[in-house]
Every structure is written in C-alpha cells, then in structure tokens.
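Spelled out from the first residue to the last, the chains are:
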Amino acid sequence: MSQDNKRTKKEIHDQVNLLISKMTIEEKVGQLYQTAIMGEFDYGPAFEKNNLSVLIKEGRLGSMVGPYDNKVSEKLQKIAVEQSRLGIPLMFCNDIIHGCRTGFPVNLAMSGSFNPELVKESAEVIAFEASHSGTHVTFAPMLDIVRDPRWGRVVESPGEDPYLASVMAKSWVEGFQGSDCSDGNHVGSCAKHFVAYGAAEAGREYNTVDMSERMLRQIYLKPFHQAVQSGAKMVMSAFNVYDGIPITSNKFLLKNVLRDEMGFKGVTVSDYTSTEELLNHKTARDKKDVAFKCLDATMDIELIATSYSKYLPELSKEYPSIQKSIDEAVYRVLTLKYELGLFDRPYSNIHPDFEKYFLLPNHLEVAKKMAIESIVMLENNGVLPIEKTKNIALIGPFSTTNRLVGPWGGKARNEDCISVYDGLSKLYPNLLNAEGSTLKTIDENMINEAMIVASKSDVILLALGEDQYESGEANSKSFIGISDAQIELVKKLHELNKPMVAVIFSGRPLILTPLIPYVDALLYAWFLGTETGNALADIISGKENPSARLAMTFPYSQGQIPIYYNHMRTGRPLDDINHPKNHYTSRYIDIKNQPLYPFGYGLSYSQFTYDHFNVSQDILEDQGFEVSFEITNQSDQDGAEVVQLYIEALYFSVTRPVNELKKFKKIWIRAHETEHVSFNLNFDDFRYYGYPMVNTTESAEYYIKIGLHAEKMIFTKKIQINER
Ligand code: BGC
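Once a new chain begins, its residue numbering starts again from 1 and follows that chain's sequence as written. Per-residue local features of the predicted model are confined to residues with pLDDT of at least 70, and side-chain atom pairs are confined, for both listing and counting, to 80 or more; whole-chain, interface and lining totals are unaffected and use all residues. Note that the side-chain values use all heavy atoms of the structure and ignore hydrogens as well as water.

Some thoughts on the overall build of the protein
Along its length, the protein carries 19 helices and 25 strands. Its C-alpha radius of gyration of 27 Å places the protein within 12% of the 27 Å reference for a compact globule of 724 residues. When the backbone C-alpha atoms are referred to their principal axes, the protein occupies close to 75 × 60 × 55 Å. Taken over 724 residues, the protein has a buried fraction of 61%. In the protein, 77% of the contacts between residues at least 6 apart in sequence involve partners at least 24 apart. Computed over 75 positive and 93 negative side-chain charges, the inter-centroid distance for the protein is 4 Å. Going along the chain from the N terminus, every DSSP run of H or I of four or more residues is numbered as a helix, and every run of E of two or more is numbered as a strand. For the radius of gyration, the atom set is restricted to C-alpha positions; the globular benchmark scales as 2.2 Å times the number of residues to the power 0.38. Buried means the residue's accessible area, taken with a 1.4 Å probe over protein chains only, is under 20% of the maximum for its type, while exposed means over 50%, and partly exposed covers the values in between. Contacts are assigned to residue pairs that have any heavy atoms within 4.5 Å of one another. Note that His is not counted, nor are the chain ends; the positive residues are Lys and Arg, and the negative ones are Asp and Glu. Where a charge lies is defined by one atom per residue type, namely NZ (Lys), CZ (Arg), CG (Asp) and CD (Glu).

The following block contains the structure:
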C-alpha cells in the first residue's frame, strides 16, 4: 500500500490476478451475479430455492440491490468476508437517484436549475447519506435523453438536450464519487441506462427503439461519454434494442463503442432481468444462449436473472475460449471492489447508528437551495410575488399533501416533506385552505367549500398536478393533461374574478394549454422533495427569485409529441402560417407547430437586457472563438439569468438540428447592475458526425447565437470554419 494507505493500480492489478488464480469457476461466476434483497434476511428473488446465506458462503453471489437494513447488511457481509472460502466482500448497490433520506427535487427538475455546481453539491450530500447507510454503488445518474413526456421515466432524466445532460452527468458522477469513492463519504456511480431507452416508441415503457447511428452518436451517447470521462465506475445496460439487438447483448455498443471507443474500463451490469428478456425479444433460443450472448458482448454482472449462474460453468467446459471472457469480467468486478475499498474496509459503510447521518441541517439547506433553483416560473402578469399581508386561499389536491418525494425517492419519506400549506403558513399568517377536489374526481361539496374559502381571499393559489406515482418506471401515460376534475375546479374558482396563481406538481411536462386562460401566474414545481413547502414559500413571497428553466419542451398539444427544440430541418418549412400557398408545408392543419413552452424557457422577477455582443477569433488564437456580451438587471430585485449559446450549421454534408446548445451559464446579477459574460467556443464544439460517419467541423458556415431560450435568439453572428 502507498503512504496514504491506498492501494496503487499495480497492487490492485496483482491482487486481483492472484485472487482469480485461486477461484473455482463457480466462485468466478458468483462475482457476476447480483440479486436483490428488499426486506427480511434470506428473502428476495435469490437463486432459486437456495437461501442467500448459503449462496454467499459458497461464494456464488457477488453483489446485491439492497439491503435497506444495516443489520442485514452486516450479517451478510460477515458471511461473505468471514465464512466464504476466499473472503471476497459483497458489494451493495442501490437506486439512490435524487436523494437518500433527504429528498431532493426529481432529476428533470434539478437539470432545469442549469446550475451544475449546485447539482454536484447535492450529489455529494446524497452520496454522504447513501454511503453512511450501507450503499457502495448508486445506480445513478440516469442519463437517458428524452423527447416524449408520455414516457414515465422522463422524471429521472437530465432532459432533452445532450449538452445539458452531459454537463449534469459530470456533476452527478463527480459529486457521487468525490476524488476517492472509497473514503466512506462517497459512493461509486453507475451511469444508466446505456443507451437510447428514452427513445421508446410512442413513449410506451419498454417499447422498441429504432434510430440511425448518427442520431445515437450525436444525441443519446453524449452524456454517457461524459460520464465515462468523469470516471463513472459502472454502466447499466438498457432494456431496449438498438438496431435489432438488445443492448444487454449488443457487442457493437458494449464492446466497440463503450469500451473501445469511449475507453470505459469499469463494470457493466444488466438491467433487472434484461439478460433473460432476450428470450422475449426472440434473439436467444434458451438461457444458455442468453448467457453466451451477453458474456460475449462484455456484459459483466447479471442482475436478478440467473442464466450466468446456471450456464456459464457448463459453457466454459464446452467452449474453453470463453474462460478468458469470464476472467476479464471477474477482473473488472474485483478491481471495482478494491477501488471501493471493500477488501480493506468491508464494513466501513455499515453504521448501526446510520440514521444520525440523515436530514442534517446542512443537507436540508442544500436540498432547499436545490428546490428553490428547480422551480420554473412559466407565467406571471405581476401577481407574483405575493405580499405577506395578503390573504391567500390555498386550494387544490396538492395543498396539504406530503406526497412530494417523487419516484425513485431512495429512503426519503413523505412524512419528512414540508407540504405547501406548512411552508406557506409560516410566512402568511392569514392562509386559508380547502382541497376543492381530489386528483381525479369531481366532488361538488368540495368545490362549494373551496368557493366559500376562496371568496374570502385576495389571491387564489392553486396546487394541482398528478400523483408522484403517475410518472417513473412503468408509468407511461397516453393522456398527460391536468385531470378534468381539477380543470373543473379552476373554472369554477375563476368565476370569483380573483387573481389566480397555479403551482403544478408532476414528474413530466404536462399539457397545460387548457389551464392557461384562467391563471395569472404559473409555477412548475415538479416534485421538490423534503423542502417543498419551504422552497415554494420563499419563491411565492419574493424572498427568492425564480431562476430555473425547462430542461424539456412543454407541448401545446399531445398531438405534437415527440417534440424537442433541436429537431432537424424539413424540405418544406413553415415560414408564414397565413400565406395562402403554405398548405403543402410541414405543419398541422389544426394547431401550430410551436410548443407551449420551449426548452430553456423560464421567467424571473427581474428583467434583463443584453448588449455589446461580440464574437472574436483572435483571443484564443487558433483554437476557437470568444463570444462576449453584457447583461443588465433592469429591475429592483437581484436575480439570475441563464444565458444560452446555440449554434446553427449551414451547408454541412448532413442536415443538422436547427439549433444546438453549446454553452450556458447561470449568472446572478444584483438589481440595476451589469455583468460581462464571455464564452470560449472551441472548434470541437462545432463537430458533428457528417457523411461519411466522421466527427468533423467540415468546411461550413455557422451561426453563433445567444438565446433567451431555444426559440428566441437575440444575437446572431455568422462565421466560417475550415475542416478540422
Ligand atoms: C430499473 C433500473 C434500476 C434497477 C434496479 C430496474 O427496474 O430499470 O433503473 O436501477 O431496476 O433497481
């Protein structure tokens, strides 16, 4: 060991090889098996009727999802370390996605903060709680690019843009892992779901995917590439197929792209039973075929399913050549266990008093900050912020509920969440309240009560949306609007002729079009976690200024889905909807093409003006461009602007998106002050997979644009670049 008590790479390499030389085939295959234990000791979908302790003792289990109980973790780890022949410790993996016990906003909301430093800080808090409660690796970040809000898992994703997603991927991986994921305060990070799972056809969960290689490389692979560069220790394969082959057995993607091109040296894990789903895809004849194909594709750990455990020993006798593949997979798993410090400190993440590391004041502080920076203001005619002397009537199914954690909430509990009512009542002593409606059913009595309460108020604050378990895994929906019951309530309340502010809770962009005519202001709160009510109270009262932007386009209508800002051009663009000759253009005859709210959109209480735009090539000499401008906060309130730099390529060998986000910065500007902003654009920022499939700038012209959001550019400058 080196002086700082850490093993060097060479030492790990030698130890792992020594260990492998002592292992039986069953012990090797054991390292490639991961089961789940959700509750009691010896319970869970373990290897058929064998009980867990026997499996561990015999060295036939390497890792597990769970346990959620530290006493169980300790018992199991003891068996592995003290009773198995080689004493190889178990690795505990958990889905700690947007919070362990302290609940943070859902990931799509956090992306919309456009604040990578704060996301990293949040990831560090999350890792601290996770590592102190037994987790070694978190199955996060989820890096699926999404374009279809019907798909329930958009809630876990970093959004629709590959650049924003890549920036967030870096924050998550670095925050989770720190500079040393074995230090007891951090965890290993598993980027998932590799790859293109978010492109499930029609937004239907687990549905098939089909796309060009160019699309895959330009859009869907980008955040994974960044996660690998940031040092993610694991990658989980997705359930879907790519180009006809399930990713779990897709050698082109797992071996050629992930390992050879991207340089990933870590461990791959299948998603839950996705190995044996080859049988349903009909690309494998039987489980033996499954084991052969997945191993050949360099899939290391099989999660839940048991084709490896059952058939790899037999296969290795029939085809001695695959012993090498098994050894390579085992080498990667054991190397990770060393890197996580498991051989040296197998019990270091297991604390009997783990709960004392949860919900610490500094954790809640970061969670609140993150929640504040995740709330998007979509509309405001001046009714917000609301003075504390005003009488607010808080109405709606989300007014007092604490079901605010969001899907994949880790160990976070609803009972720790501050409801909207509890948060607001601290600041507004005259707060009135009535539910007015359930989530889905119209109740005349409830409406009548709400009308009476609202009639006594100065402002009506609506808390609406869909339940936290209407998004997340296996929660695709064909109708993604606000329910009829809630719209009915809003219409009734509108008759009172009072200012109305709506706060919407949801894990996905909802179609808000029917609501807009009735409200004076609209806040999108997603699911904000433990600090929900406190964060909303600060925004509504004006103590804090909204600063989030949309990480995903909000459709005007369901018929527009999939809809996203960085779409390709068409040969028949719609320039002027009113032009009589424009019938044969790319459009709908019943609605406009534009979304309700585009990517990058979000309002502030402050007003900003931009000027002195300049693009110069000389500062970075031959490396790229410096783009600079000034922003002035013209208002009386300090606030943040998310400045966004897009490019548009002209005359490239292949058609490219109409706009591509290349840089952004969140800048806090004091009232009436001006800030100078500059971006360095490298030539690499202009690269794209052209024709043939080469990543190049080509000799092309480009617009460099500064946008308020993806659909409103305020500065544009054309430049020429020669092929590089
Ligand atoms: C999900 C993964 C998750 C895994 C383990 C699967 O159903 O797709 O995202 O990490 O379960 O819990």
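From this point, the narrative continues.
Let's talk about the sheet that holds strand β19 (residues 639–650)
Here a strand pair is declared whenever DSSP counts at least two bridges between the two strands. Pairing within the open sheet is antiparallel, and its 4 strands lie in the order β20-β19-β24-β25. If you trace the sheet from one side to the other, it starts and ends with β20 (660–669) and β25 (712–721), each paired once. Along the sheet, successive strands turn relative to each other by an average axial angle of 20 degrees, direction set aside. Looking at chain direction, β19 and strand β24 (residues 700–709) are connected through 7 bridges and run antiparallel. Axis lines are fitted through C-alpha atoms, for helices just across the contact stretch, and the angle between N-to-C directions can take any value from 0 to 180 degrees.

Notes on the side chain of Asn-107
Positionally, Asn-107 belongs in helix α5 (residues 107–111). In the analysis that follows, any N or O atom pair within 3.5 Å is treated as a polar contact, provided that within protein one partner can donate a hydrogen and the other can accept it, and provided that, for residues neighboring in sequence, both atoms belong to side chains. Within the structure, the side chain of Asn-107 is placed 3.2 Å from the backbone oxygen of Ile-97, a separation counted as a polar contact.

Observations concerning the sheet that holds strand β9 (residues 267–269)
Reading across from one edge, β9-β6-β5-β4-β3-β2-β1-β10 is the order of the 8 strands in this open sheet, with parallel pairing throughout. The strands lining the two open edges of the sheet, one partner per strand, are β9 and β10 (302–303). Across 2 bridges, the pairing between strand β4 (residues 137–138) and strand β5 (residues 188–194) is parallel. By the bridge assignment for β5, Val-137 is matched with Gly-188. Sheet strands touched by helix α10 (residues 251–261): β5, β6 (234–237) and β9. Its angle to β5, the strand with the most contacts, is close to 135 degrees.

Describing empty space enclosed by the protein
Over the atoms, a rolling probe the size of a water molecule traces out where space has been left empty. A pocket here means an open set of points on a 1 Å grid, computed over the protein atoms alone, that has protein on both sides within 12 Å along at least five of seven lines. A cavity is instead a set of points where a 1.4 Å probe fits but cannot get out; residues with an atom within 4 Å of a point line either one. Grid points are joined across faces, edges and corners, and a volume is the space filled by probe spheres set on the points. Summed over the entire model, instances satisfying the criterion amount to 2 cavities of 30 Å³ or more. Taken as a whole, the largest cavity spans an internal volume of roughly 90 Å³. As for the largest cavity, its lining consists of 13 residues, and the residues nearest its centre are Gln-31, Ile-56, Gly-59, Ser-84 and Ile-88. Polar here means any residue other than Ala, Val, Leu, Ile, Met, Phe, Trp, Tyr, Cys and Pro, which are nonpolar, and Asp, Glu, Lys and Arg, which are charged; Gly is therefore polar. Looking at the lining of the largest cavity, its residues break down into 7 nonpolar, 4 polar and 2 charged. In this structure, the second largest cavity encloses a volume near 50 Å³. The residue makeup of the lining of the second largest cavity, split by class, is 3 nonpolar, 6 polar and no charged.

Concerning the nonpolar core
With 191 residues, the main nonpolar core has Phe-194, Ile-395 and Leu-512 as its most contacted residues. The residue makeup of this core includes at least three contributed by each of domain 1 (369–541) and domain 2 (606–721). Discounting residues that sit within four places of it in the chain, Phe-194 has contacts with Leu-221, Phe-224, Val-235, Met-236, Ser-237, Ala-238, Ile-247, Leu-253, Leu-254, Leu-258 and Met-262. The set of buried Ala, Val, Leu, Ile, Met, Phe, Trp, Tyr and Cys residues whose side-chain atoms join them within 4.5 Å is what this entry labels a nonpolar core. Grouped together as the second largest cluster of nonpolar side chains are 28 residues, Phe-625, Ile-631, Ile-704 and Ile-721 included. For the purposes of this description, domain bounds are those given by an automatic or database domain assignment.

A look at unusual backbone geometry
In this chain, Gly-66 is followed by Pro-67 through a cis amide linkage whose omega measures -15 degrees. Locating Pro-67 in the fold gives a position in the loop between β2 (63–65) and α4 (70–83). Backbone geometry places Ala-474, a non-glycine residue, at a positive phi of 65 degrees. As for its placement among the helices and strands, Ala-474 is situated in the loop between β14 (459–465) and α18 (484–494). Residue classification places Ala-474 among the partly exposed positions, given a relative accessible area of 48%. Backbone geometry at Trp-526 places phi at a positive 50 degrees, although glycine is not the residue there. Within the secondary structure layout, Trp-526 lies in the loop between β16 (521–524) and α19 (532–541). Looking at Trp-526, the relative accessible area reads 2%, which means it is buried.

Here's the deal with the site of the ligand
If a single non-hydrogen atom of a residue is within 4 Å of a molecule or strand, that residue counts as near it. What surrounds the ligand is the set Asp-95, Phe-139, Arg-153, Lys-192, His-193, Met-236, Phe-239, Asp-271, Tyr-272, Trp-408 and Glu-473. Arg-153 places a side-chain nitrogen or oxygen 2.7 Å from an oxygen atom of the ligand. Contact between the ligand and Lys-192: an oxygen atom at 2.8 Å from a side-chain N or O atom of the residue. Here the open area of atoms and residues is found with the Shrake-Rupley method and a 1.4 Å probe, where only the protein chains shown may cover a residue. Within the complex, 93% of the 310 Å² of free accessible area of the ligand lies under protein. Looking at the shell around the ligand, its residues break down into 5 nonpolar, 1 polar and 5 charged.

Notes on the packing of helix α13 (residues 307–318) against helix α14 (residues 322–339)
α14 packs onto α13 with a crossing angle of 135 degrees between their chain directions and a minimal axis gap of 8 Å. By the angle between their axes, α13 is oblique relative to α14. Packed against α13, whose contacting residues are Leu-312, Leu-315 and Ser-316, the element α14 presents Ile-322, Gln-323 and Ile-326 at the interface. Taken together, the residues of the contact of α13 with α14 break down into 4 nonpolar, 2 polar and no charged. In these notes the angle categories are as follows: under 35 degrees is roughly parallel, over 145 is roughly antiparallel, 65 to 115 is roughly perpendicular, and the rest is oblique.

So, the layout of surface pockets
Space inside the largest pocket adds up to approximately 1,000 Å³. In terms of lining residues, the largest pocket is bounded by 41 residues, among which Pro-162, Tyr-163, Ser-166, Lys-222 and Gln-226 are the most central. Breaking the lining of the largest pocket down by element, the ones donating at least two residues are α6 (116–132), α7 (162–177), α8 (213–220), α9 (222–229), α10, β20, β21 (674–682) and β22 (688–689).

Comments concerning the packing of α6 against helix α15 (residues 361–372)
Interaxial distance between α6 and α15 falls to 10 Å at its minimum, and their mutual angle equals 145 degrees. Read as a crossing pair, α6 and α15 show a hand that is left-handed. For the pair formed by α6 and α15, the contact residues are Leu-118, Val-119, Glu-121, Ser-122, Val-125, Phe-128 and Glu-129 on the first element and His-363, Val-366, Lys-369 and Met-370 on the second. Looking at the contact of α6 with α15, its residues break down into 6 nonpolar, 2 polar and 3 charged. We call a crossing left-handed when the near helix sits turned anticlockwise from the far one by less than a right angle, and right-handed when that turn is clockwise.

A look at the state of the cysteines
Disulfides are covalent bonds that link the sulfur atoms of two cysteine residues. Working definition: a disulfide is two cysteine sulfur atoms within 2.5 Å of each other. The tally for this structure, following the rule as stated, stands at 0 disulfides. Between Cys-181, a free cysteine, and Cys-93, which holds the nearest cysteine sulfur, the sulfur-to-sulfur gap is 12 Å. Not part of a disulfide, Cys-417 finds its nearest cysteine sulfur in Cys-100, a span of 14 Å. The class of Cys-417 is buried, set by a relative accessible area of 6%.

Remarks on the confidence of the model for the protein
pLDDT measures the predictor's confidence residue by residue and takes values from 0 up to 100. Per-residue confidence for the protein gives a mean pLDDT of 95, with 97% of residues at or over 70. Across residues 39–44, where pLDDT falls below 50, the model places 14 contacts with residues more than four positions away in sequence or in other chains.

Some words on the domain arrangement of the protein
What the domain assignment reports for the protein is domain 1 (369–541) and domain 2 (606–721). Inter-centroid distance (C-alpha atoms) of domain 1 to domain 2 is 36 Å.

Topic: the side chain of Glu-129
Within the fold, Glu-129 resides in helix α6. Buried and unpaired, Glu-129 has Arg-101 as its nearest opposite-charge partner, separated by 7.1 Å. Setting aside its immediate chain neighbours within four residues, Glu-129 contacts Cys-100, Arg-101, Thr-102, Tyr-357, Phe-358, Leu-359 and His-363. Any Lys or Arg side-chain nitrogen located within 4 Å of an Asp or Glu carboxyl oxygen qualifies as a salt bridge.

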